[in-house]
Amino acid sequence: MKYNNDNSDTELHIYIAFGQSNMQGPGPIRDRDKQDISERWQVLNVAEGSYDGQQRDNGQWYKAVPPLITAGDLKHWQDDFSTGLSPADYFGRFLVANTPPHITIGLIAVAGGALALASFHKTKSADYFSECSGGAEREDGRPSITERQGWDRYRSAGYDSMYDAIITNVKLAQSQGGIVKGIIFHQGESGRGLTYTTWGEMLKEIYDDMLADLELQPNSIPILCGQTWDAGSGSTDGALVGTQALQNKTGIPNAHVISSGGLTAGRPVVDNLHFGSEDIQAFGIRYGEKMLELVYLQKN
């Protein structure tokens, strides 16, 4: 196998990360997670805040020292914890270690605890969080208090929605020469949120809208979808049991499942939902290995 490397000048390769708490970062940050981070691994900050004592402003690039996504306390119904290590951390570190030195890896990430898939929909998220769901019926108990906290955070940061937060910042990166290469995604425990369609069809709507708004060709970039805890498929109608099932249920030929097999909950309070730091690291590397194969490597 070899790199698709045309020896061009420095390139900024953009990756989108979105999802719920396991993408936001449930793993406690260890000392080693903040060490030996390359300047080639950068995060475009989406929501202003203090990240491990560093003030990060909206729309600015920073070396990708964790936490990367919505720093602060995560008020989860079962186990409150501070935002920490995300699969995105070691995803980016892996890509930097395995791509040519002229490539900088840039991350744009939007995630929050308990978010149903509808939270990320371009046109229906406002219905989902409104007092009345605009004719699109919500699933029982949705949206939760935790979901509303995530929605309010991004709205307070000046975005119309979490979808808008993603698109606004990716367009900013594109205006700076960034090339969108792929998406990493983790969601499923909270299901779809709205009942007008299936989980798989809703994910396709989000993916298609993203590519269209970013002026990318349909199905042109991979979306890697991580399984829920211990190789589960969560509330996704079995879409995450394997790549073929995911592609069949979403209609996205460039969708791929990232296995969580053998990775178990490691929080101080075991809740069978959230991965611990060791498994978050391993999960991020699995995302990275697949993206490396799809984007940078070709078979001889």
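Our structure's up above, just so we're on the same page.
Just so we're clear, the structure is a prediction, and the values are computed from it rather than from any experiment. (Residues numbered from 1 in each chain as written. Predicted model: local features only at pLDDT ≥ 70, side-chain atom pairs only at ≥ 80, totals over all residues. Heavy atoms only, no water.)

1. Observations regarding the overall build of the protein chain
- Each helix and strand in the protein chain was counted, giving 8 helices and 13 strands.
- A total of 300 residues make up the protein chain; the buried ones form 57% of that total.
- Sequence-distant contacts, at least 24 apart, represent 73% of the contacts inside the protein chain between residues at least 6 apart.
- Only carbon and sulfur atoms are counted for the fraction: they give 45% of the accessible area of the protein chain, which is about 11900 Å². (Helix = DSSP H or I, 4+ residues; strand = E, 2+ residues; numbered from the N terminus. Buried < 20%, exposed > 50% of the residue type's maximum accessible area, 1.4 Å probe, protein only. Contact = heavy atoms within 4.5 Å. Areas by Shrake-Rupley, 256 points an atom, 1.4 Å probe, with all protein chains shown as cover.)

2. Brief notes about the packing of aromatic side chains
- All told, the structure shown has 8 aromatic pairs when counted by the stated rule.
- Relative to F185, the ring of F18 lies with its centre 4.7 Å away and its plane at 45 degrees, an arrangement referred to as tilted. Placement of the pair is F18 in strand β2 (residues 11-19) and F185 in strand β10 (residues 179-186), with a sequence separation of 167 residues.
- For F18, a relative accessible area of 1% translates into the label buried. (Phe/Tyr/Trp six-rings, centres within 6.5 Å; stacked < 30°, edge-to-face > 60°.)

3. Points about the side chain of S233
- Mapped onto the fold, S233 is located in the loop between β11 (223-226) and α7 (243-250).
- On the basis of relative accessibility, which here comes to 18%, the residue S233 falls in the buried class.
- Setting aside residues up to four positions removed in sequence, S233 forms contacts with T228, G238, L240 and V241.

4. Topic: the sheet that holds strand β6 (residues 61-63)
- Here we have 7 strands laid out as an open sheet, ordered β6-β3-β9-β2-β10-β11-β12, and mixed in their pairing. Lying at the two open borders of the sheet, with one neighbouring strand each, are β6 and β12 (255-258). Strand after strand, the sheet turns through a mean of 30 degrees between neighbouring axes, direction not considered.
- With 7 bridges joining them, β2 and β10 adopt parallel strand pairing. Counted as the bridge partner of Y15 is G182 from β10.
- Its contacts with the sheet put helix α5 (residues 162-175) on β2, β3 (41-44), β6, β9 (103-111) and β10, and the angle it makes with β9 is roughly 165 degrees.
- Contacting β2, β9, β10, β11 and β12, helix α8 (residues 277-296) runs over the sheet at an angle of about 145 degrees to β10. (Pairing = 2+ DSSP bridges. Axes fitted to C-alpha atoms, helices over the stretch in contact; angles between N-to-C directions.)

5. Notes on α7
- Those residues of α7 lying buried are L246, Q247 and T250. Buried residues along α7 cover an arc of 95 degrees about the axis, so they all sit on one side. Exposed and facing more than 90 degrees away from the buried side of α7 are Q244 and N248.
- Count one or two residues on from α7 and you reach G251, which has phi positive near 70 degrees. (Arc of directions from axis to C-beta.)

6. Some words on the pairing of β10
- Most of β10 is tucked away, with 6 of its 8 residues classed as buried.
- As paired strands, β10 and β11 are joined by 3 bridges and run parallel to one another. Bridging across to β11, I184 finds its partner in L224.

7. Notes on the pattern of salt bridges
- For the coordinates displayed, the defined rule picks out 9 salt bridges.
- The salt bridge involving E39 is made with K63; its shortest N-O contact spans 3.7 Å. Taken as a pair, E39 in the loop between α1 (21-24) and β3 and K63 in strand β6 lie far apart in primary sequence, 24 residues in all.
- On the accessibility criterion, E39 (54% relative accessible area) is exposed.
- Through salt bridges that share partners, R30, R32, D33 and E278 make up one connected network. (Salt bridge = Lys/Arg side-chain N within 4 Å of Asp/Glu carboxyl O.)

8. Looking at the nonpolar core
- Within the largest apolar cluster, 84 residues are counted, with the highest numbers of intra-cluster contacts made by F18, L95, Y154, I184, M210 and I223.
- With residues near it in sequence (within four places) discarded, I184 still touches I16, A17, F18, M23, A88, F91, L224, Y287 and M291. (Core = buried A, V, L, I, M, F, W, Y, C linked by side-chain atoms within 4.5 Å.)

9. Considering the packing of helix α6 (residues 199-213) against α7
- Two elements in contact, α6 and α7, have axes separated by 7 Å at closest approach and are oriented at 75 degrees. On the basis of their axis angle, the class for α6 and α7 is roughly perpendicular. Along its contact with α6, which presents W199, G200, E201, L203 and K204, the element α7 presents L246, K249 and T250.
- Its residues assigned to classes, the contact of α6 with α7 shows 3 nonpolar, 2 polar and 3 charged. (Parallel < 35°, antiparallel > 145°, perpendicular 65-115°, else oblique. Nonpolar A, V, L, I, M, F, W, Y, C, P; charged D, E, K, R; others polar.)

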